[in-house]
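# Observations on chain architecture
Each chain, written out:
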Amino acid sequence: MKKIAFFDAKTYDIMTFNSVNKDYEIHYFEDKLNINTVILAKGMDAVCAFVNDDVSKKVLDKLDEYGIHLVALRCAGFNNVDIEAAYKKVHIVRVPAYSPYAVAEHAMALLLSLNRKIHKAYLRTREFNFNIQGLTGFDLFGKTVGVIGTGKIGVAFINICKGFGMNVLAYDPFPRNDLDVSYVSVDELVKESDIISLHCPLTNETKHIINKDTISKMKQGVIIVNTSRGALVDSQALLQGLKDKKILGACLDVYEEEANLFFEDNSSEIIQDDILSLLISLPNVIMTSHQGYLTKEALENIAETTLNNITLYFKDEYLENEICYRCKKNPSGCMAKRNKNCF
Ligand code: NAI
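From a predicted model like this one, the values you see are computed outputs, not experimental measurements.

## A word on the sheet that holds strand β10 (residues 222-226)
- Here seven strands make up an open sheet; going across it, the order is β8-β7-β6-β9-β10-β11-β12 and the pairing parallel. The open sheet is flanked by β8 (182-183) and β12 (285-287), the only strands paired with a single partner.
- Bridge count for strand β11 (residues 247-252) against β12 is three bridges, and the pairing is parallel. Following the sheet pairing, Cys 251 is matched in β12 by Ile 286.

Structure representation (structure tokens):
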């Protein structure tokens, strides 16, 4: 049986992968993959990694030295992988989509909780404090939501919002013609929306798409929802907007500097990130720890696709979910477009 070194393993990963896996001997390690822990992979046939594992050149060179030529990411993003260094050494596969509904539903859950102050009401009633003063929200019905990024998750979120009777404005450089929404510029979207929800990837163009300037153009009392990537929002500007009461509230499942904090219990630590500490301390900010994807269905899809990616590799078949470095360098030379592997 082929052996897989599974890094940054959490209980929910182990449970789901064990329920789906039939073909592999999976060795689960709590440690994140990095140059100090890569030794754990020695003697294995493949590595399975997650968002905060370090798949840098040094680590890839070690894997190559150990005769390991596959890193199966159990996530969509690959900003933690040096794909150039991996080229011709280690194949990198990923899970491009697992459940857009999971993230879209989480975005709406955060919005509803913040608006109807469920986070405060929960704490009150647990102490038999049945006072409802200060818990007034507003109807979502008839309000305008601006959705930035109308891909899989954006569309799922739009459909939820339409179910609530909301008006939808959208911005995407690649608008879809099968969507019944008004596409507008970012400027118009931020000016007209009561709620702004981010569903685009983090790129050079989208970094700090919510910043001091865009916030200044927003409606007084806007709510910002970010379940995509932390750096889409300039956290300092967000904090200022909240302090100035220009922004009524923020729903955040991601944070610019989340890498060394999220997914771990830091409750006994002194947090050094003052912006994070201040944001969390505000009554009109709800923060979750990048758990938008965390549903049973999404976890099952992640396990199934990851194990299928690994099987395709060992059967020497076309890796449909390979991250193609050639494609980035030279789209016309992309092997994947010809149903061939990257190298
Ligand atoms: P997708 O690839 O289906 O859609 C992304 C959309 O963003 C596309 O329509 C694309 O044209 C658009 N886009 C690209 N550049 C843009 C720009 N400059 N401005 C506005 N829109 C732009 O991706 P999907 O599956 O909908 O995921 C969206 C994002 O959600 C991911 O990039 C990821 O950051 C985040 N995500 C968060 C998770 C969580 O647990 N919180 C889990 C999975 C994804």
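## What to know about the pattern of salt bridges
- This model, assessed by the stated rule, comprises 13 salt bridges.
- Connected through salt bridges with shared partners, the residues Asp 8, Lys 10, Lys 32 and Glu 264 form a single ionic network.

## Section: the pairing of strand β3 (residues 46-49)
- Side chains Ala 46 and Cys 48 project from β3 onto one buried face, and the interleaved Val 47 and Ala 49 project onto a second face that is buried too.
- Sheet topology note: the strand β1 (residues 3-6)/β3 ladder contains three bridges and is parallel. Among the inter-strand pairings, Phe 6 is bridged to a residue of β3, identified as Cys 48.
- With three bridges connecting them, β3 and strand β4 (residues 70-73) associate as parallel partners. What sits directly across from Cys 48, in β4, is Ala 72.
- Once you follow β3 into helix α2 (residues 57-65) and on to β4, the crossover reads as right-handed.

## Some words on the site of the ligand
- Around the ligand, a shell composed of 23 residues is seen, among which Lys 152, Ile 153, Asp 172, Thr 227 and Asp 253 lie nearest.
- Take Thr 227: an N or O atom from its main chain is 2.9 Å from a nitrogen atom of the ligand.
- Contacts to the ligand include Asp 253, whose side-chain N or O atom sits 3.0 Å from a nitrogen atom.
- In isolation the ligand exposes 860 Å². Once the protein is present, 82% of that is buried.

## A few points about the domain arrangement of the protein
- Along its sequence, the protein is carved into domain 1 (3-98 + 296-338) and domain 2 (100-287).
- Taken together, the 12 residues of domain 1 in the interface contact eight residues of domain 2.
- The junction of domain 1 with domain 2 conceals about 610 Å² of combined surface from both sides, 55% of it contributed by carbon and sulfur atoms.
- Remark: the boundary between domain 1 and domain 2 carries two salt bridges.
- The partner of Glu 264 in a salt bridge is Lys 32, and the shortest N-O contact between them spans 2.8 Å.
- In this structure, the connection of domain 1 to domain 2 is made through two residue pairs in polar contact (both at pLDDT 80 or more).
- Residue classes in the side of domain 1 that touches domain 2 are distributed as seven nonpolar, two polar and three charged.

Cut-offs used in this document
- All residue numbers refer to positions counted from 1 along the written sequence of the respective chain.
- Selection of residues for local features in this predicted model requires a pLDDT of at least 70, selection of side-chain atom pairs for listing and counting requires 80 or more, and totals for whole chains, interfaces and linings are taken over all residues.
- Side-chain metrics in this entry use all non-hydrogen atoms of the structure; hydrogen atoms and water are not considered.
- Only strands that DSSP links by at least two bridges are regarded as paired with each other.
- Helix and strand labels come from DSSP, where a helix needs a run of H or I of at least four residues and a strand needs a run of E of at least two; each type is numbered from the N terminus.
- By salt bridge we mean one thing: a side-chain nitrogen of Lys or Arg within 4 Å of a carboxyl oxygen of Asp or Glu.
- Each residue's exposure class comes from its accessible area (1.4 Å probe, protein chains only) as a fraction of the maximum for that residue type: buried when under 20%, exposed when over 50%, partly exposed otherwise.
- A crossover gets the label right-handed when its path from the first strand over the helix to the second runs clockwise, viewed with the strands pointing away from the viewer.
- Throughout, the term near means that a residue has one or more heavy atoms lying within 4 Å of the molecule or strand in question.
- We define a polar contact as two N or O atoms separated by no more than 3.5 Å, with the added condition that, inside protein, one atom must be a possible hydrogen donor and the other a possible acceptor, whereas residues neighbouring each other in sequence contribute only through side-chain atom pairs.
- Only the protein chains shown count as cover for residues, and all accessible areas are computed by the Shrake-Rupley method using a 1.4 Å probe.
- Domain extents, as shown, originate in an automatic or database domain assignment.
- By definition in these notes, contact holds between two residues if any of their heavy atoms fall within 4.5 Å.
- Buried area is calculated as the accessible area (1.4 Å probe) missing from two parts once they are joined, with the contributions of both summed.
- Nonpolar residues are Ala, Val, Leu, Ile, Met, Phe, Trp, Tyr, Cys and Pro. Charged residues are Asp, Glu, Lys and Arg, and all others, Gly as well, are polar.

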